[in-house]
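Architecture and fold: a report
Read off the chains here:
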Amino acid sequence: MSSEDLPRLDALIKETARRQLTEAGATGLTLQTVAVGSGVTVAEVQPFFADRDELLTALIIDAYNTSGEAMEQADPGERETDAGARLLAVARALREWSFANPAEFALIYGSPVPGYAAPETTVAPASRTPAALAAVLRSALAAGSLTPPKRPLPGPTLVTADAVALFGGQPEAPYGDLLERGIVLWSNLIGLLVFQVFSRTHDSVADQSAFFDYAVAVAAEAVGLTVPLEDSRREVAAAGS
């Protein structure tokens, strides 16, 4: 095999693995099945991925990076002066990626894979999602467009030094618990997507897209942002017409 073939084989192996994630889930992924699906031998796979865990790690990193990149690209940044609209755009981008890539979404946000422990190399890619949310909150805080909380956290901070560093510092009163509220927003967003991607709300919700916007708006209130739901409904109606 020539050196020119190596990048193509790397991509083929991961593409085959992603397809098998869709068909059999992460627990059914092995180097043997991926090699057979790629039309190569296990010996040809191992220079790229020594074992199943290395392959899973590569897929996890790719999933975090592509989903994080989708959010970053959807963020209008300072061009959008309405922080609530900006938050909705970022959240919608993650939803769109999640429905387009359900197997990868399940890999990073579903049940843990038995026998697999994610290494430190997954931390930075995984941070891109909360960082995209933090960028909106940080900008809104600097612009003075957040509504102060009615019920501030009664005590010392509950977040780690790493979380403070990711945000860029500890906010001052009356927004001293903004990081805690931001993590609640993040976890609510992922939980909402788990329900929607895995069809947990289809028996009780008539319009999944509109409900997603509404749920983001409800969660956003906890961080002091107002999501413009009327505008989002007009956008959904226009897209469907």
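Read on for an overview of the structure. (Residues numbered from 1 in each chain as written. Predicted model: local features only at pLDDT ≥ 70, side-chain atom pairs only at ≥ 80, totals over all residues. Heavy atoms only, no water.)

1. As for helix α6 (residues 102–109)
Counting buried positions along α6 yields six of eight residues, so the element is predominantly enclosed. Among the residues of α6, those classed as buried are A103, E104, F105, L107, I108 and Y109. (Buried < 20%, exposed > 50% of the residue type's maximum accessible area, 1.4 Å probe, protein only. Helix = DSSP H or I, 4+ residues; strand = E, 2+ residues; numbered from the N terminus.)

2. Topic: empty space enclosed by the protein
Under the counting rule described, the total for this entry stands at one cavity of 30 Å³ or more. Each pocket or cavity is described by its volume, and for the largest cavity that value is around 50 Å³. Around the largest cavity sit T147, P149, P174, Y175, D177, L178, R181, A222, V223 and G224, which together line it. When grouped by side-chain class, the residues that make up the lining of the largest cavity number six nonpolar, two polar and two charged. (1 Å grid on protein atoms, 1.4 Å probe; cavity = no way out; pocket = protein on both sides within 12 Å on 5 of 7 lines; lining within 4 Å. Points joined across faces, edges and corners; volume = space filled by probe spheres on them. Nonpolar A, V, L, I, M, F, W, Y, C, P; charged D, E, K, R; others polar.)

3. Here's the deal with unusual backbone geometry
Backbone torsion omega between A173 and P174 reads 5°, so that peptide bond is classified as cis. Backbone geometry places S199, a non-glycine residue, at a positive phi of 60°. Positionally, S199 belongs in the loop between α10 (178–197) and α11 (208–221).

4. Some words on α11
An α-helix turns once every 3.6 residues. As a result, residues three or four positions apart point the same way. Taking 1.5 Å as the rise per residue, α11 with 14 residues should run 20 Å; its terminal C-alpha atoms sit 20 Å apart, in good agreement. Here α11 has its buried residues at Q208, F212, D213, A215, V216, A217, A219 and A220. The backbone nitrogen of S209 lies 3.3 Å from a side-chain oxygen of the residue at the head of α11, namely D207. (Expected span 1.5 Å × (residues − 1). Polar contact = N/O pair within 3.5 Å; in protein donor to acceptor, adjacent residues only side chain to side chain.)

Nothing here speaks to function; it is all geometry.
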